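These are the residues of each chain, in order.
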Amino acid sequence: MTGALPRTGRSQLASDGRDCAWAQLLAMSPWAWRDPAVGLLLSAAQGAVHRVVRERQGRPEPELTIALMDQIVGLLRDRFLPPLNGPGPALPPGSFLDVATMSMTDRRDRMGADFAVVVGTMDRDEPRFRVALFQAKWEDEQARGTATVARGGDRAQLDELLATRAGHYVFYPRLGKDRTSAPMTVRSAVDVDNELAQRTRGASVGICSEANGCWEFASFLALAMMDDPPPSSALVLGTLQEVAGFLSTGSSRPLAPTTLVVDRTRQFRVRGLRALASEAGYDAFSEMLSFETSVEVESEDAGRSTPTEKFRRGSPPMAL
């Protein structure tokens, strides 16, 4: 993915002008993070984007969304979590992560958004829930670096995203002739609206804003949504009831057909969202993946203990 081999050193990459490759390689290793749960989530999201974009070029955006959510959970379940119970470096204590997805079988959402993300975090010792809503668009094939967000001057979708106060666009990149692609980028609906307001015609915007930049999707998911303070483009809610109410807005169909749920609080019971989400129109739930490192302080002879004694996972994956 990065052009860096396992034994490639930073000095070699720097001499090649590829410092970014070294940074990305570190980002995909949970051991490089103070909180490995963040690294695991970011790594899974980056790997999922890479695979989905390469394998499903030009396919409808909802199809990519389904594949993206499945890949994030699948990589965590099958590739990233199992080795942590085997031999290897012990991870720092105190890291925690629960991940699950909720979706609708018939895929008929209320407003055309592709997916939502709910992240549980602690704010002044109180659990808070950050919500972001995403509308996916392909990068324009004939005008690289741009994407069409409104066809024929129709702003209905953008206006609905703006009304949620949590709306974002996520842009799937096209592969170049050399089979490389740009990152999958995120811009807030407000930022996109401001760019459109400066245009006299056309409904295309940059997949990354010249004025305000953009987020790479995995970084937005694993860093921005967990940072303090939260991104201004995310909606912060206080209870699970508020989350379910936002996703449904009193309708029998949610705003988005799929929601990725991430808990960093140890107090946010992902299972507790199931009944509320069912009332909101969700009827399919993935297994919940639990990751937790030991919170116990290691003894002086901890260096002689095995990796599995230094590290324990939380409850194994189970059906919601």
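Our structure is the block above this text.
Residues numbered from 1 in each chain as written. Predicted model: local features only at pLDDT ≥ 70, side-chain atom pairs only at ≥ 80, totals over all residues. Heavy atoms only, no water.

Chemist: Looking at this structure, how should I read unusual backbone geometry?
Modeler: A negative phi angle characterises most non-glycine residues, just as the trans form characterises most peptide bonds. Cis geometry is adopted by the peptide bond preceding Pro 229, which originates at Asp 228 and carries an omega value of 5 degrees. One can find Pro 229 in the loop between helix H7 (217-222) and strand E9 (235-237). The residue Arg 165 is not glycine, and still its phi comes out positive at about 65 degrees. Position of Arg 165 among the secondary structure elements: in the loop between helix H5 (156-164) and strand E5 (167-172). Overall, Arg 165 belongs to the exposed group, its relative accessible area being 61%. (Helix = DSSP H or I, 4+ residues; strand = E, 2+ residues; numbered from the N terminus. Buried < 20%, exposed > 50% of the residue type's maximum accessible area, 1.4 Å probe, protein only.)

Chemist: Can you walk me through H5 in this structure?
Modeler: Helical periodicity: at 3.6 residues per turn, an α-helix aligns residues three or four positions apart in one direction. Residues Leu 158, Leu 161 and Thr 164 constitute the buried set of H5. Buried positions in H5, seen along its axis, are confined to an arc of 120 degrees and lie on one side of it. Following H5 by one or two positions, Arg 165 has its phi on the positive side, about 65 degrees. (Arc of directions from axis to C-beta.)

Chemist: Mind showing me how you'd approach the state of the cysteines here?
Modeler: When the sulfur atoms of two cysteines share a covalent bond, that bond is a disulfide. What the rule picks out here adds up to one disulfide. The disulfide partner of Cys 208 is Cys 214, and the gap between their sulfur atoms is 2.2 Å. Around the S-S axis, the bridge from Cys 208 to Cys 214 shows a dihedral of about -95 degrees and counts as left-handed. A relative accessible area of 32% places Cys 214 in the partly exposed class. (Disulfide = S-S within 2.5 Å.)

Chemist: Is there a simple way to explain the packing of H5 against helix H6 (residues 189-197) in this structure?
Modeler: Describing two packed helices takes the angle between their axes plus the distance from one axis to the other. Contact pair H5 / H6: the axes reach a minimum separation of 9 Å and the direction vectors enclose 135 degrees. It follows from the interaxial angle that H5 and H6 lie oblique. Judged by the twist between their axes, the crossing of H5 over H6 is left-handed. Contact with H5, carried on its side by Leu 158, Leu 161 and Leu 162, involves Ala 189, Val 190, Asp 193 and Leu 196 of H6 and no other residues of that element. Residue classes in the contact of H5 with H6 are distributed as six nonpolar, no polar and one charged. (Axes fitted to C-alpha atoms, helices over the stretch in contact; angles between N-to-C directions. Parallel < 35°, antiparallel > 145°, perpendicular 65-115°, else oblique. Left-handed = near helix turned anticlockwise from the far one by under 90°. Contact = heavy atoms within 4.5 Å. Nonpolar A, V, L, I, M, F, W, Y, C, P; charged D, E, K, R; others polar.)

Chemist: When you look at the pattern of salt bridges in this model, what are you seeing that I'm missing?
Modeler: Two side chains carrying opposite charge are able to pair once their charged atoms lie near each other. This model, assessed by the stated rule, comprises 10 salt bridges. With a closest N to O distance of 2.9 Å, Asp 78 and Arg 77 form a salt bridge. Residues Arg 155 and Asp 193 are paired through a salt bridge, measuring 2.9 Å at the closest nitrogen-oxygen approach. Taken together, the positions of Arg 155 in the loop between strand E4 (146-148) and H5 and Asp 193 in helix H6 put the pair 38 residues apart, joining distant regions of the chain. Judged by its relative accessible area of 32%, Arg 155 falls in the partly exposed class. (Salt bridge = Lys/Arg side-chain N within 4 Å of Asp/Glu carboxyl O.)

Chemist: Help me understand the nonpolar core in this model?
Modeler: Proteins that are soluble and globular tend to have nonpolar side chains buried together. Within the largest apolar cluster, 48 residues are counted, with the highest numbers of intra-cluster contacts made by Leu 68, Ile 72, Phe 217 and Leu 260. Considering every element that reaches this core, the biggest residue donor is helix H3 (residues 36-55), with 11 residues. The contacts of Leu 68, once residues within four sequence positions are left out, are Ala 48, Val 49, Val 52, Tyr 172, Met 184 and Phe 217. Ala 100, Ala 116, Leu 240 and Tyr 282 belong to the second-largest nonpolar core, a separate cluster that totals 35 residues. (Core = buried A, V, L, I, M, F, W, Y, C linked by side-chain atoms within 4.5 Å.)

Chemist: What is the right way to look at the pairing of strand E12 (residues 289-292) in this model?
Modeler: Burial along E12 is two-sided: the residues Leu 289 and Phe 291 and Ser 290 and Glu 292 are all buried. Inspection of the sheet shows strand E1 (residues 96-103) paired to E12 by four bridges, in the antiparallel sense. In the sheet register, Asp 98 faces E12, and the bridge partner there is Ser 290. (Pairing = 2+ DSSP bridges.)

Functional significance is not addressed by these values, which are geometric in nature.
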